[in-house]
Amino acid sequence: MKKSTIWLLAVVMAFAFAGLLFLQVKYVSILIKTRSEQFNETVKRSLRQVSKNLELDEMRRYLEEDLSRDENNSFVYQGTLGGETLGQITTRQKYQLQYTDSKGAIQQIELQNFSSQKIEPLASLNTKQPTNSIINTSKEVQNTIQRRYLYQRGVLEEVIFNILYTANIKPIEERIDFKKLNNYLKSEFINNGLNLPFVFFVINKDGNVVYQSGEIQKQPIASDVITQVLFPNDPPSKQNYLRVYFPTKGNYISSSVTFFVPSVIFSLMLLVTFIFTIYIVFRQKKLSEMKNDFINNMTHELKTPVSTISLAAQMLKDSDITKSPAVFKHISGVINDETKRLGFLVEKVLQMSLFERQKTALKLKEMDANDLVATVANTFTLKVEKYDGSIDIDLQATDSTIYADEMHITNVLFNLMDNAVKYRRQDVPLTLMARTWNENGKLMISIEDNGIGIKKEYLKKVFDRFFRVPTGNIHDVKGFGLGLAYVRKIVEDHKGTIRTESGSGNIGTKFIITLPLIKS
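Residues numbered from 1 in each chain as written. Predicted model: local features only at pLDDT ≥ 70, side-chain atom pairs only at ≥ 80, totals over all residues. Heavy atoms only, no water.

Overview of the overall build of the protein
Then step 1. From N to C terminus, the protein includes 11 helices and 14 strands.
Then step 2. Taking all 520 residues of the protein together, the buried fraction comes to 35%.
Then step 3. In the protein, the proportion of contacts linking residues at least 24 apart, taken out of those at least 6 apart, comes to 68%.
Then step 4. Put simply, the protein shows about 32100 Å² of open surface, and 56% of that area lies on carbon and sulfur atoms. (Helix = DSSP H or I, 4+ residues; strand = E, 2+ residues; numbered from the N terminus. Buried < 20%, exposed > 50% of the residue type's maximum accessible area, 1.4 Å probe, protein only. Contact = heavy atoms within 4.5 Å. Areas by Shrake-Rupley, 256 points an atom, 1.4 Å probe, with all protein chains shown as cover.)

Shown next as structure tokens:
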């Protein structure tokens, strides 16, 4: 698959996931907004009912006060019966209403109501026929009910006038029982399905808080406080307000969309899986390309020693060459060198095969790491001295017994020292140091040189397969990017770790290997 095709699929899938997440988030925001509006509307409906209940309570209180008031109070009922003529009575009711206006002056209103009805005198009941007594009694009852009606209507009119002209003058504290108000609120909220803790405030006409039902830990947001006018029929300038705040409103609304959380989590998991898959695809494609390059390079590298050895073998068939010891020795040397080179290339192929297996078959045995480091360093001395260099050995580890595969650990140390020779500075004599010491109950081995070093951005990548530090247009060092990858794999298979450090100014490189001791 082409790289552009993979990128196209990645972009399309990323766009699809982004759109899906956007729609989900948008849906949640709309749902939360709708639930919040429904919550506020439910609270407002409950507050309107509470306000209506308070008005009914106030009217009931005025009725009770008026009914218990004697005739000397501000309302006087005078009913007169006059002009009894031939069984017809004309009734006149007169109502006098006294009240105090906003300036403190006493005012009077006189209301009159006239009504005529036929009422038979009680004295004439005995002169009537018995058949008419039931009719007369019925009429008398009707007259009595009518008189009671007129009286009660007068009482109600007086109560209405008192409410209109005197109720709003009283302080809100005298008009409301706050405990009863709290019970009203709680009852209405529960009836509407809002069994939540709340705090309410009563604000008087001057804008001051006259009552607060509880403490609030933090200042509420204005949009979370719902306001209702107490006694809406009061004049606008004398209106009082009830404000209610629900501290757990956010949790209540959020709980209604908790079902959506798993959907978002699964979507994010799917997105992460997709991103990881795309990463793996690109990585595998890169490894595949590197592997192909490795095979192509290896093919060309194998051709050279094979053709050289073939040519040398053909020359040995010549009888004249066999008669010349110097030429024979030279050709034998060429065959020997190319055989070693061929063996080195085959070893690289074998190293390559190690990465195809999940676990390396190690032949572990007890060995002394100090002796191993000293042996490898001594073997490498001639190669270092060939480039006018020197190698120092500092074996400070007092406990150096480990379980290890001698062949693979030896190859690890050879690879690290060989890299020091390959990447030396041409104008500076090579200095190589091999050290061992104990730290935190483990064995530490370091290989340090004064070569060209590694830039910081490449320190973690040098252990990747096929990775080679960029050197610009200079290609004087051949390789396949497998040496350090092989080193890390072998060290990790021995339950150890390896890290690299670069000296100041990117001069010199230090590899530090940590291995568990045998007693661990």
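Having put the structure on the table, let's press on.
Digging into a nonpolar patch on the surface
Then step 1. On the surface, Val261, Ile265, Phe266 and Met269 cluster together into a nonpolar patch covering about 400 Å² of accessible area.
Then step 2. Tracing the chain through its elements places Phe266 in helix α6 (residues 260-316).
Then step 3. With a relative accessible area of 56%, Phe266 lands in the exposed category. (Patch = residues over 30% accessible without salt bridge, like charges linked within 9 Å, V, L, I, M, F, W, Y side chains within 5 Å. Salt bridge = Lys/Arg side-chain N within 4 Å of Asp/Glu carboxyl O.)

A closer look at the packing of helix α9 (residues 369-385) against helix α10 (residues 406-422)
Then step 1. Remark: α9 packs on α10, axes separated minimally by 10 Å, with the N-to-C direction vectors making an angle of 35 degrees. Relative to α10, the crossing made by α9 is right-handed. Of α10, the residues touching α9 (which contributes Leu372, Val373, Val376, Ala377, Thr379, Phe380, Lys383 and Val384) are Glu406, Ile409, Thr410, Leu413, Phe414, Met417, Asp418 and Val421.
Then step 2. Of the residues assigned to the contact of α9 with α10, the class counts are 11 nonpolar, two polar and three charged. (Axes fitted to C-alpha atoms, helices over the stretch in contact; angles between N-to-C directions. Left-handed = near helix turned anticlockwise from the far one by under 90°. Nonpolar A, V, L, I, M, F, W, Y, C, P; charged D, E, K, R; others polar.)

Considerations on the side chain of His494
Then step 1. Residue position: His494 is located in the loop between α11 (483-493) and β13 (497-502).
Then step 2. Polar side-chain contacts of His494 include one of 2.8 Å to the backbone oxygen of Ile490.
Then step 3. Not counting chain neighbours up to four residues away, the residues in contact with His494 comprise Leu362, Leu364, Tyr403, Ala404, Asp405, Ile409, Leu515 and Pro516. (Polar contact = N/O pair within 3.5 Å; in protein donor to acceptor, adjacent residues only side chain to side chain.)

Quick look at the sheet that holds strand β14 (residues 509-516)
Then step 1. The strand order β9-β11-β12-β14-β13 describes an open sheet built from five strands, whose pairing is mixed. Of all strands in the sheet, those with a lone pairing partner are β9 (390-395) and β13, marking the two edges. Pairwise comparison of adjacent strand axes, ignoring direction, gives a mean angle of 15 degrees for this sheet.
Then step 2. With eight bridges connecting them, strand β11 (residues 431-439) and strand β12 (residues 442-449) associate as antiparallel partners. Counted as the bridge partner of Ala434 is Ile447 from β12.
Then step 3. Contacts from α10 reach β9, β11, β12 and β14, with the element oriented near 25 degrees to β12. (Pairing = 2+ DSSP bridges.)

Things to note about the nonpolar core
Then step 1. Ranked by size, the top nonpolar core spans 40 residues in total, and within it Ile402, Leu416, Met417 and Ile513 carry the most contacts.
Then step 2. Mapped onto this core, the elements with two or more residues apiece are α9, β10 (401-404), α10, β11, β12, α11 and β14.
Then step 3. Dropping the residues within four chain positions of it, Ile513 is found in contact with Val412, Leu416, Leu443, Met444, Ile445, Val491, Thr497 and Ile498.
Then step 4. Ranked by size, the runner-up nonpolar core spans 22 residues in total, among them Val43, Leu181, Leu230 and Leu242. (Core = buried A, V, L, I, M, F, W, Y, C linked by side-chain atoms within 4.5 Å.)

Focus on the side chain of Thr509
Then step 1. Looking at the secondary structure, you find Thr509 in strand β14.
Then step 2. Non-local contacts of Thr509, meaning those with residues more than four positions away in its chain, are made with Ile447, Glu448, Asp449, Gly453, Ile454, Thr500 and Glu501.

Side note on the packing of α10 against α11
Then step 1. Following both chains from N to C, one finds α10 and α11 inclined at 145 degrees, their axes separated by 10 Å at the closest point. At the point where α10 passes α11, the crossing takes the left-handed sense. Between α10, through His408, Ile409, Asn411, Val412, Asn415, Leu416 and Asn419, and α11, the contact on the second element is made entirely by Gly483, Leu484, Tyr486, Val487, Ile490 and Val491.
Then step 2. A per-class count over the contact of α10 with α11 returns eight nonpolar, five polar and no charged.

Observations concerning α11
Then step 1. Within α11, nine of the 11 residues are buried, leaving the element largely enclosed by the surrounding structure.
Then step 2. Of the positions making up α11, those classed as buried are Gly483, Leu484, Ala485, Tyr486, Val487, Lys489, Ile490, Val491 and Asp493.
Then step 3. Directly after α11, the chain includes Lys495, whose backbone phi takes a positive value near 65 degrees.

Some remarks on α9
Given 3.6 residues to a turn, an α-helix orients residues that are three or four positions apart in the same direction.
Then step 1. In this model, α9 (17 residues) spans 24 Å end to end at C-alpha, consistent with the 24 Å of a helix rising 1.5 Å per residue.
Then step 2. Considering bend angle alone, the principal kink of α9 is centred on Thr379 and spans about 30 degrees.
Then step 3. A distance of 2.8 Å separates the backbone nitrogen of Asn370 from a side-chain oxygen at the start of α9, and that oxygen is part of Asp368. (Expected span 1.5 Å × (residues − 1). Bend = angle between axes of the 7 residues up to and from the residue.)

Regarding the pattern of salt bridges
Then step 1. One pass over the full model with this rule turns up six salt bridges.
Then step 2. As a salt-bridge pair, Asp224 and Lys249 come within 3.7 Å of each other at their nearest N and O atoms. Of this pair, Asp224 sits in the loop between β5 (209-212) and β6 (225-230) while Lys249 sits in helix α5 (residues 249-255); the two residues are 25 residues apart in sequence, bridging distant segments of the chain.
Then step 3. For the salt bridge of Glu501 with Arg499, the shortest nitrogen-to-oxygen distance reads 3.5 Å.

A short note on the pairing of β11
Then step 1. The pairing of β9 with β11 spans six bridges and is parallel. Opposite Ser390, over in β11, you have Thr431 as the bridge partner.

A look at unusual backbone geometry
Among all residues except glycine, the phi angle is most often negative; among peptide bonds, the trans geometry is most common.
Then step 1. You will see that Asn440, though not glycine, has its phi angle at about 55 degrees, which is positive.
Then step 2. Looking at the secondary structure, you find Asn440 in the loop between β11 and β12.
Then step 3. If you check the backbone angles, Lys495 has positive phi at about 65 degrees while not being a glycine.
Then step 4. Mapped onto the secondary structure, Lys495 falls in the loop between α11 and β13.

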